[in-house]
Amino acid sequence: MIKTSYEFDQSILAAGSSLKTNILLRFRADIAKSPRRNLNLSLVIDRSGSMAGAPLHHALKAAESVVERLEPDDILSVVVYDDEVDSVVPPQSVTNKAALKNSIRKVRAGGITNLSGGWLKGCEHVKTRLDPQKINRVLLLTDGHANMGIQDPKILTATAGQKAEEGIITTTLGFAQGFNEDLLIGMARAATGNFYFIQSIDEATEVFSIELDSLRAVVGQNLKVTLELADGVSLVDTLSLAKVSQNDASQAVITLGELYEDEDKLLGLSLGISSAQVGDLPVMKLHYSADVVQDDRIQSVSGTIDVVAKVGTVEEAAFAATSHIILELSRLTIAKAKETSLNLAEQGKHQEAEQTLRSLVKDLRDKGLNENFEIAEEIDQLEYFASRIAQKALGNAGRKEMRDQTYQTMTRNRSDLVGRGVTTGDEVYAMPIVNEVGSGVELHCVREGGKLRVKVMSEGYDLTKNIQFPRAIRAEGARYVVEGLELSSDATFYRVRGKITRFAQPGETDIFVAPRQSNRANTGKASKGPASAADLPTTDSVGDSILVQCVKDGSKLRARVVSDGYEPDWNMRFPRSVREEGMLYVVDEVKTAPDGKSYIACGEIKRFVQPT
């Protein structure tokens, strides 16, 4: 059975014409606890050059953690890809975990990014063991843009939808800052899977764990909702990132995907009502269907509920209590505003984008919702993004955070996924600095589950409480001194009172004194090599340098750039004495040659070795 419920943002709507109201629909699989379903899982991991070093190391550690948590009846395959695709673990039962983890540890960084080839191989492996009673899933991890194979986002997104129709769902994981979030989110939405933004490379294991927990909790799939609106009722907006289509009767059909144990699937709708008389107003018939676990088998269920609004006089509506679902609807409204603002900014409408966010902040405060800590945190996020957009300085990291926050809020109902973001704002570097706390209160910014939280360090305060603090000056590891703290009205969190300064302990290195820049000076001079590759210095990190690989091109050895942002098939002027097939190098700088269609390696060359 699917348990359904609905609530309007106002318990009584005012009679009249041209009304607009919001409604929150909840769906939950109402079934007895059952054993978890077995998995048919393929891990598809980017091993291209941009993953070299710590990123690949953490990604592989995360893959090993998945192996450790699987059961003998689960099926696992592991695919790695650069310009070539390798199945390091063909589809098999998880009976020898040591052997599986050993195969994963042998993976090394390679060339450019054939995302489509790796992903389709993972889909192929899942298909060979396809079982409707299992969770059939591909987890695609990448840190870069597809620059080989099928590269068109429209084709990849459409194919993800086709694979989902075959029963193969894709979850995408964007690693660090180089990936194409529009592509990965598009694929996840089309496939009714999940998307995750792994902001810090050491979060990879944690994020894989969240997805694995989600897969274990899947109790229903293919949830679809059809809206049969009453006369005079129109659908103004959908507060969800679910796929919306129309059936032959021109009714909206909303695909909500999977249902998770003990987690409501939320759908917010904005409705227009042409006129309403006092009494009960039929708003719509809501038809739903899903495949759920019943009696240890997957069975199709469906049903219909009548959605009815209570309409009263203007006085009755004014005195009626605001629905308690206002917080849930506010979160969805905030996510929708972020999506709208980002779209406006990318159309060059920065002032309109900023105003969209600032107007919402005012509305939330006018309603007193800033007394709720999570909404207060969202207000700080909205003000931060509004300021960055106004300055035309949102940047790559800010865009990814906005897209991720929108996605998670409008697709899942988990507190550990919403509001994530750890990017340091430039404002922290310009803060006034003090070297002693004095009569103030010392605070510390820490990273917790993908979020930057500010905690109190001074005595006399509850160290377990969170602090509402401007998002623009949060930076992991930073310490601050404020004049004082005051409790929120419900005494659940603190607010900062008075001036905020940054605290630097005397004698300690201040890592936020200025934006950290590379110490490497680009000379612009073509690289020169020693007698052989064995004579090159070695490094196990790429940093802000460029990764180059030597590949066989017919009878010749060519040097090609494998870092993202470069043409992967351009030749390069590179010392012949150090060229060895398959070898990876780190160079200081890569310049475009005078012919405009090749590169020149400049500065020092080091041989890249995989960290252990």
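All values derive from a computational prediction rather than experimental measurement.

Colleague: Would you mind going over the overall build of the protein in detail, with residue names and values included?
Modeller: Along its length, the protein carries 11 helices and 28 strands. Expected size for 612 residues packed as a compact globule is a radius of gyration near 25 Å; at 27 Å, the protein falls within 12% of this value. Counting only C-alpha atoms, the protein reaches 90 × 65 × 45 Å along its principal axes. Taken over 612 residues, the protein has a buried fraction of 53%. Pairs at least 24 residues apart make up 72% of the contacts formed inside the protein by residues separated by at least 6 positions. Where the 73 positive side-chain charges of the protein centre and where its 84 negative ones centre are 5 Å apart.

Colleague: How would you explain the sheet that holds strand β11 (residues 233–239) if you had to name every residue and give the values?
Modeller: By way of backbone hydrogen bonds, the strands of a sheet pair with one another, either parallel or antiparallel. Spatially, 4 strands are ordered β1-β3-β14-β11 in an open sheet, and the strand pairing comes out antiparallel. The sheet terminates laterally at β1 (2–8) and β11, the two strands that pair on one side only. Pairwise comparison of adjacent strand axes, ignoring direction, gives a mean angle of 25° for this sheet. Strand direction decides the pairing type here: β1 and strand β3 (residues 16–29), joined by 7 bridges, are antiparallel. Its bridge partner lying in β3, T4 is registered against F27.

Colleague: Which residues make up the pattern of salt bridges, and what values do they have?
Modeller: Between side chains of opposite charge, a pair can form when the charged atoms approach closely. If you walk through the whole model with that rule in mind, you get 47 salt bridges. Connected through shared salt-bridge partners, E181, D182, E346, R399, K400 and R403 make up one network.

Colleague: Could you give an account of the nonpolar core, with specific residues and numbers?
Modeller: Of all hydrophobic cores here, the largest spans 47 residues; its most connected members are L41, L43, L76, L141 and F208. Residue contributions to this core peak at 7 residues, all from helix α1 (residues 54–69).

Colleague: Run through the sheet that holds strand β9 (residues 195–198), naming residues and quoting values.
Modeller: An order of β6-β5-β4-β7-β8-β9 is seen for the 6 strands of this open sheet, with the pairing classed as mixed. Of all strands in the sheet, those bounded by a partner on one side alone are β6 (85–93) and β9. Going across the sheet, the axis of each strand differs from the next one's by a mean of 15°, ignoring polarity.

Colleague: Explain the state of the cysteines to me, and be specific about the residues and the numbers.
Modeller: Enumeration according to the criterion identifies 0 disulfides in this entry. Residue C550 stays outside any disulfide, its sulfur separated by 18 Å from that of C602, the closest cysteine. On the basis of relative accessible area, C550 is assigned to the buried category, the value being 1%.

Colleague: Give a detailed account of unusual backbone geometry, specifying residues and quantitative values.
Modeller: Despite not being glycine, S250 has its phi angle at roughly 60°, a positive value. Tracing the sequence through the fold places S250 in the loop between β12 (243–246) and β13 (252–260). What makes S250 exposed here is its relative accessible area of 52%. One non-glycine residue, K392, lies in positive phi territory at about 55°. Structurally, the position occupied by K392 is in the loop between α10 (373–390) and α11 (395–411). Owing to a relative accessible area of 66%, K392 belongs among the exposed residues under this scheme.

Colleague: With reference to specific residues and values, describe the confidence of the model for the protein.
Modeller: Looking at the protein, the pLDDT average stands at 89 and 96% of residues meet or exceed 70. This model gives residues 515–519 a pLDDT under 50, and the stretch forms 4 contacts once residues within four places in sequence are excluded.

Colleague: Any chance you could break down helix α5 (residues 181–190) for me, citing the residues and the numbers?
Modeller: Burial within α5 is extensive, with 8 of its 10 residues counted as buried. Those residues of α5 that sit buried are E181, L183, L184, I185, G186, M187, A188 and A190. Capping the start of α5, N180 holds a side-chain oxygen 3.1 Å from the backbone nitrogen of D182, two or three residues further along. Immediately beyond the C-terminal end of α5, within one or two residues, lies T192, with a positive phi of roughly 55°.

Colleague: Lay out the packing of α1 against helix α2 (residues 97–105) in plain terms, naming residues and giving numbers.
Modeller: Following both chains from N to C, one finds α1 and α2 inclined at 170°, their axes separated by 10 Å at the closest point. As judged from the angle between their axes, α1 and α2 are roughly antiparallel. From α1, L60, A63, E64, V67, E68 and R69 reach across to α2, where they touch K97, L100, K101, I104 and R105. Each residue belonging to the contact of α1 with α2 can be placed in one class, and the counts come to 5 nonpolar, no polar and 6 charged.

Colleague: Tell me about the packing of aromatic side chains, residues and numbers included.
Modeller: Within this structure, the stated rule accounts for 11 aromatic pairs. Consider the rings of F179 and F195, whose centres lie 6.3 Å apart with planes at 55°: the pair is tilted. Of this pair, F179 sits in the loop between β8 (169–175) and α5 while F195 sits in strand β9, placing them 16 residues apart in sequence. The pair F179 / F195 is uniform in exposure class, with both members buried. Between the aromatic rings of Y429 and F512, the centroid separation amounts to 6.3 Å while the plane-to-plane angle is 50°, which identifies the pairing as tilted. Linking Y429 in the loop between α11 and β17 (433–434) with F512 in the loop between β22 (494–503) and β23 (538–539), this pair joins segments that are 83 residues apart in sequence. In terms of burial, Y429 and F512 fall into one category: buried.

Colleague: Quick one: what's the story with the pairing of strand β28 (residues 599–608), residue by residue and with numbers?
Modeller: Within a regular strand, side chains alternate between the sheet's two faces. Among the 10 residues in β28, 7 count as buried, and that is most of the element. Sheet analysis places β23 next to β28, joined by 2 bridges and oriented parallel. Along β28, the bridge assignment pairs T539 with F608. Relative to β28, strand β27 (residues 584–592) runs antiparallel, the two sharing 7 bridges. Pairing of E589 across the sheet is with C602, part of β28. Connecting β27 to the antiparallel partner β28 that follows it, the hairpin turn spans 6 residues, and G596 within it adopts a positive phi of roughly 75°.

Colleague: So what's going on with the side chain of T406? Residues and values would help.
Modeller: Mapped onto the secondary structure, T406 falls in helix α11. T406 gets classed as buried once you look at its relative accessible area, which sits at 4%. In this view, T406 contacts L241, A335, K338 and E339; residues no more than four positions away in its chain are not counted.

Colleague: Quick one: what's the story with the packing of helix α8 (residues 326–346) against α11, residue by residue and with numbers?
Modeller: With their axes 9 Å apart at the nearest point, α8 and α11 run at an angle of 145° to one another. Here the hand of the crossing between α8 and α11 comes out left-handed. Facing α8, whose interface residues are R331, L332, A335, K336, K338, E339, L342 and E346, α11 presents R399, M402, R403, Q405, T406, T409 and M410. Here the contact of α8 with α11 is built from residues that sort into 5 nonpolar, 3 polar and 7 charged.

Parameters and conventions
Residues numbered from 1 in each chain as written. Predicted model: local features only at pLDDT ≥ 70, side-chain atom pairs only at ≥ 80, totals over all residues. Heavy atoms only, no water. Helix = DSSP H or I, 4+ residues; strand = E, 2+ residues; numbered from the N terminus. Rg over C-alpha atoms; globule rule 2.2 N^0.38 Å. Buried < 20%, exposed > 50% of the residue type's maximum accessible area, 1.4 Å probe, protein only. Contact = heavy atoms within 4.5 Å. Lys, Arg positive; Asp, Glu negative; His and termini not counted. Charge placed at Lys NZ, Arg CZ, Asp CG, Glu CD. Pairing = 2+ DSSP bridges. Axes fitted to C-alpha atoms, helices over the stretch in contact; angles between N-to-C directions. Salt bridge = Lys/Arg side-chain N within 4 Å of Asp/Glu carboxyl O. Core = buried A, V, L, I, M, F, W, Y, C linked by side-chain atoms within 4.5 Å. Disulfide = S-S within 2.5 Å. pLDDT = per-residue confidence, 0-100. Polar contact = N/O pair within 3.5 Å; in protein donor to acceptor, adjacent residues only side chain to side chain. Parallel < 35°, antiparallel > 145°, perpendicular 65-115°, else oblique. Nonpolar A, V, L, I, M, F, W, Y, C, P; charged D, E, K, R; others polar. Phe/Tyr/Trp six-rings, centres within 6.5 Å; stacked < 30°, edge-to-face > 60°. Left-handed = near helix turned anticlockwise from the far one by under 90°.

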